Amino acid sequence: MQILRNLGIFSFPLILYLISLCASQSVFPQELLIVTVATETTDGFNRLNRSLNIHGLKSEVLGLGKPWKGGELATGTGGGQKINLLKDGLERHSKNKNLVILFVDSYDVIINSKPQKILERFMAIGAKVLFAAEDFCWPDSSLAKQYPVEETLGHRYLNSGGFIGFAPEVYGIVSSSPVKDTDDDQLFYTKVYLDKELRDKWAIKLDHKAQIFQNLQGAVGDVELRFNDDGYAEVTNSAFHSEPIVIHGNGLSKTVLNSLGNYLAKAWSPKHGCLSCKDDLKILEEEKPESFPSILMGIFIIHPTPFLDLFFKRIFQLKYPKKKISVIIYNKSAYHDKFVEQYAKENFTDYQSVEILPLSTNVEWQARNMALERCLKNECDYYFSVDSDARLTNPDTLTSLIKQNRKVIAPLLVRPKKLWSNFWGALSADGYYSRSHDYIDIVKNERRGVWNVPHISECLLVNADVFRKDLERAQKSNQIDTDEKTKPLPSAYPSYQAPKGSTLDPDMAFSRSLREKGIFLYVTNLEDFGHLVNSEPYETSHLHNDLFEIYNNQIEWQEKYIHENYSQVLQDDFQLEEPCPDVYWYPVVTPLYCKHLIEESENFGKWSDGSSHDPRLAGGYENVPTVDIHMNQIGLDKQWLFFLREYIRPVQEKVFVGYNHDPPKANMNFIVRYKPTEQSFLKPHHDTSTYTVNMALNKVGIDYEGGGCRFTRYNCSVVDLRQGWTLMHPGKLTHQHEGLTVTSGTRYIMVSFVDP
C-alpha cells in the first residue's frame with residue numbers, strides 16, 4: 001500500500017488495475033536487468049558501470065570485444081548492430097514475463113537510482129515498453145508529421161538511447177524485422193512506434209516528460225543539479241518538475257553529461273566529499289623506487305616567462321626517482337636560449353636523459369607531438385607535459401597524479417587572486433571557453449575532488465597506454481609499419497595539430513582530439529599543487545626583468561626577492577631590533593634583490609651630480625642633494641609603491657602603533673650612491689616624511705668601508721649595516737640624521753620618504 005500512496009498522482013483506473021494485479025502476483029516484477037551494447041571499454045563505459053555498481057543494478061554487456069560494424073554514430077547514422085546484438089542477447093529472456101529490460105547506450109549514459117525506484121516509475125506510467133523522448137525527429141525529419149498529434153506536450157519524438165520494457169515485448173520489437181548492422185537503430189524503432197498496430201500490440205509509449213529518461217540534447221536549459229536530503233546529487237527537470245533517472249548525453253551534450261557525472265551516482269557531494277576519487281587508485285611502493293613507472297617529461301617554453309629559474313627549481317624538487325625520468329625541452333623563446341642551454345647542462349645530470357629540441361622545430365604543435373611520439377616509441381609509462389607558466393609547488397605532484405589512475409589528468413593551477421586557471425568547466429557552442437556552474441567553487445577550492453572537464457592545459461599527465469592502444473590498432477590495420485619507428489603516427493592518434501581550417505591553439509586542439517575519442521580529461525584539486533604565473537605583461541627590455549614583476553607575479557617575486565626571515569618580523573612575539581630610539585631595524589629583501597637593483601641602476605647610469613640643482617624635482621631645487629637615481633627613472637616607481645604597501649606598511653603599523661595609512665604615499669624614492677671620489681657623506685638633515693625607509697643594498701667591510709647613519713639628537717649611530725635590512729625611523733621633527741663618510745669602495749642605499 002505504500003506503493004499506492006506513492007502513486008497518488010496517477011489516474012484512478014490505473015490504481016484499480018494495480019490493485020487487481022496485486023491479487024494474483026506481486027506489484028512489481030521480480031527482476032530488473034540493465035542491458036547495453038559496447039564493443040570496447042571506454043571512459044564512458046566505465047562511468048556507466050560505476051553507476052550500475054553504486055546502485056546495485058544487475059547488468060549484461062553485449063558485443064564486448066567484437067568489431068564494431070555499425071557505422072560512425074558521432075557523425076552520421078548507423079547502430080543497427082546494436083539491435084542485432086540485442087536480439088541475440090535477449091532471446092534467452094524472451095519468455096520471462098517478470099523480467100524488465102532497461103536498455104541504455106553504453107558510452108554516454110549515467111543511471112542515478114536503485115532498481116526499486118526505476119521499476120516504480122515504469123509501472124506507474126502504464127506502458128509495456130517505454131522509449132526515451134527528445135525534441136528532434138532524427139534521422140528522418142519527414143517522419144515528424146506521422147507522430148500522434150495528441151502527444152504534443154513534452155518531448156515529442158522517440159530517442160533510442162534508452163528504453164525500458166518487459167522482456168517478451170522488447171524481444172518482440174527487436175526481432176520483428178531483419179536489420180543490417182549499418183542500418184540506423186533509431187530509425188528502426190521510430191518506424192515501429194509510428195505503426196499504430198505495432199505500437200498498440202506492444203503497448204509502446206514515449207517518456208514525454210522525462211519521468212525516467214533525460215536526453216540532454218536540446219534540453220540542457222531545463223536540467224538542474226541538486227542535492228537530496230542524503231547529500232547525494234540528482235537531476236531535476238524544471239520544465240516538467242520531474243526527477244529523471246537515466247541521464248543521456250546524446251548529440252552535442254556530452255560535455256554537459258561529463259559535468260553532471262562529476263556528481264551523479266554518488267561521485268561527489270557537499271556532505272560526503274569526493275567518493276569517486278577513491279575508486280581504483282594506483283599505489284606506488286615508495287620503498288621500491290626502481291618499480292616506479294617511467295616518465296617522459298616534456299618541458300615547453302613557448303614565450304618569455306618570468307622567474308624561469310624558479311620554474312626549473314620546482315621541477316627539480318618533484319619527489320620522483322630522477323633515473324625514471326627522461327626530459328625533452330622545447331624553447332620557442334630566443335630570450336631564454338642561453339639560460340636554458342646552460343641550465344640544462346648543469347642541472348639535469350641526474351635524470352635518465354635530457355634533450356633540447358633544435359630551433360628548427362619552430363612549430364609548437366609539431367614539438368608537442370614529437371614529445372608524445374618519443375613517449376610511445378621509447379615505451380615510457382607516462383607522458384608528463386609541463387609549460388613554463390606552471391609552478392608546481394607541491395613536490396608530490398607526480399605521485400599524486402599517478403595515484404588517481406586516470407588516462408589524462410591535470411593538477412589544478414590558478415593565477416593567484418584570479419579566476420584564470422588551466423582548465424575549462426564547459427564549452428561554448430563554438431567550442432571555446434564557457435563558465436560552468438561549479439567553476440568558481442573548484443577554482444577557489446571550495447569543492448575538492450577530481451573533475452571531468454572539457455579542456456586542460458599548462459600541465460598534464462597522460463597514461464601512455466591511451467596513445468599506444470591507438471598505435472597498436474593502426475598497426476593491426478596496416479596503417480603504419482611496425483618496423484619504421486621514425487614514421488609519423490597515424491591520424492587516429494590524438495594530436496596537438498588543429499584541424500584543417502581551424503584556429504585552435506595546440507592545447508585546445510589536443511583537448512578536442514581527446515574528447516572526440518571519448519577520452520575523459522580530468523583536473524584535480526584534492527591537494528594544492530601550485531599556481532600559474534602571468535607571462536602576458538612580461539617585459540624583456542630591462543637588465544633584470546623579474547625585478548619588475550612584483551604585482552604581476554607576487555608569489556615568485558617574493559620567493560626570489562624577499563628575505564627568508566621577513567615573515568618572522570610580523571609575528572606577534574617577534575621583537576624588532578631598535579639600535580637607536582624609535583629606529584627599527586629588520587630584514588626585508590634578499591641579497592639578490594640588492595644586487596639586481598644596483599645593477600639596474602648602474603645599467604641606467606644617469607646619476608644626478610649631487611648639486612642642489614635638480615631638474616627632476618618640481619621647482620628644480622634639492623635642499624639636501626645626493627648622487628642618486630629616482631625609481632621612476634628606471635621604471636620601478638609603481639612597483640616600489642606596491643612594495644611599500646605589502647612589505648613595509650605592515651611592519652610600520654606594528655611598531656608605530658596607531659598610525660595607519662593604506663596605501664602609503666611616497667613621492668621621493670631613490671637609490672643613493674656614496675664613494676670617496678664622488679659624494680662620501682651627507683650633512684645633518686630632517687626628512688620630509690612621516691617615516692623614512694633606508695635600505696642597505698651592499699655589504700660594509702666587503703663592498704665599502706665607513707658609512708652608516710648617525711641620529712644627531714640621540715648621538716646614536718648605526719654603522720654595521722646589513723645587506724637587505726631596512727632602517728625605519730620617523731622623519732621631520734625628531735630624527736635629524738646624517739650620512740657618515742665612506743672611506744673606500746662604493747656604498748648603495750635605497751631611500752623612501754613615506755607619507756610626506
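Computed from a predicted structure; not experimentally measured.

Criteria and cut-off values
- Residues numbered from 1 in each chain as written.
- Predicted model: local features only at pLDDT ≥ 70, side-chain atom pairs only at ≥ 80, totals over all residues.
- Heavy atoms only, no water.
- Buried < 20%, exposed > 50% of the residue type's maximum accessible area, 1.4 Å probe, protein only.
- Helix = DSSP H or I, 4+ residues; strand = E, 2+ residues; numbered from the N terminus.
- Pairing = 2+ DSSP bridges.
- Phe/Tyr/Trp six-rings, centres within 6.5 Å; stacked < 30°, edge-to-face > 60°.
- Lys NZ or Arg CZ within 6 Å of the ring centre and 35° of its normal.
- Axes fitted to C-alpha atoms, helices over the stretch in contact; angles between N-to-C directions.
- Contact = heavy atoms within 4.5 Å.

Caption draft 1: Quick look at the pairing of strand β37 (residues 725–730). Of all six residues in β37, six are buried, a share of seventy percent or more. Where strand β29 (residues 583–587) and β37 come together, four bridges link them in antiparallel fashion. The residue bridging P587 from the neighbouring strand is W725, located in β37. Summarising the sheet, strand β33 (residues 691–696) and β37 pair through five bridges and their orientation is antiparallel. Across the sheet, the residue bridging to M695 is T726, located in β37.

Caption draft 2: Focus on the packing of aromatic side chains. Under the definition given, this model contains 45 aromatic pairs. With a centroid separation of 4.8 Å and an interplanar angle of 90°, the aromatic rings of Y147 and Y157 are classed as edge-to-face. Residue Y147 is located in the loop between β5 (129–134) and β6 (157–166), and its partner Y157 is located in strand β6; the two are separated by ten residues in the primary sequence. Overall, Y147 belongs to the buried group, its relative accessible area being 3%. An aromatic cluster is defined as three or more aromatic residues linked by ring pairs; in this entry it consists of F311, F312, F316, F339, Y343, F348 and Y351. One residue, R199, lies across the ring of Y193, its end atom 5.1 Å from the ring centre. In this arrangement the basic side chain of R406 is found over the ring face of Y522, its NZ or CZ atom lying 4.6 Å from the centre.

Caption draft 3: Structural context of the sheet that holds strand β23 (residues 450–453). In spatial order, the strands read β16-β15-β14-β17-β25-β19-β26-β23; together these eight strands make up an open sheet with mixed pairing. Across the chains shown, the open sheet's two edge strands, defined by having one partner strand only, are β16 (353–356) and β23. Mean inter-strand twist for the sheet, computed between neighbouring axes without regard to direction, equals 20°. Bridging between strand β14 (residues 295–301) and strand β15 (residues 325–331) involves seven bridges; their strand directions are parallel. Across the sheet, the residue bridging to I295 is I325, located in β15. Running over the sheet, helix α10 (residues 308–316) touches β14, β15 and β17 (382–387) and is turned about 170° from β14.

Caption draft 4: Fine view of unusual backbone geometry. At the junction of W138 and P139, the peptide bond is cis and its omega measures out at 10° in the coordinates. Cis rather than trans, the peptide bond between D662 and P663 has omega equal to 0°. Here P663 lies in the loop between α20 (637–655) and β31 (668–674). Despite not being glycine, E379 has its phi angle at roughly 55°, a positive value. Notably, K732 is not glycine yet its phi reads approximately 60°, a positive angle. Looking at the secondary structure, you find K732 in the loop between β37 and β38 (737–739). Note on K732: relative accessible area 41%, which makes it partly exposed.

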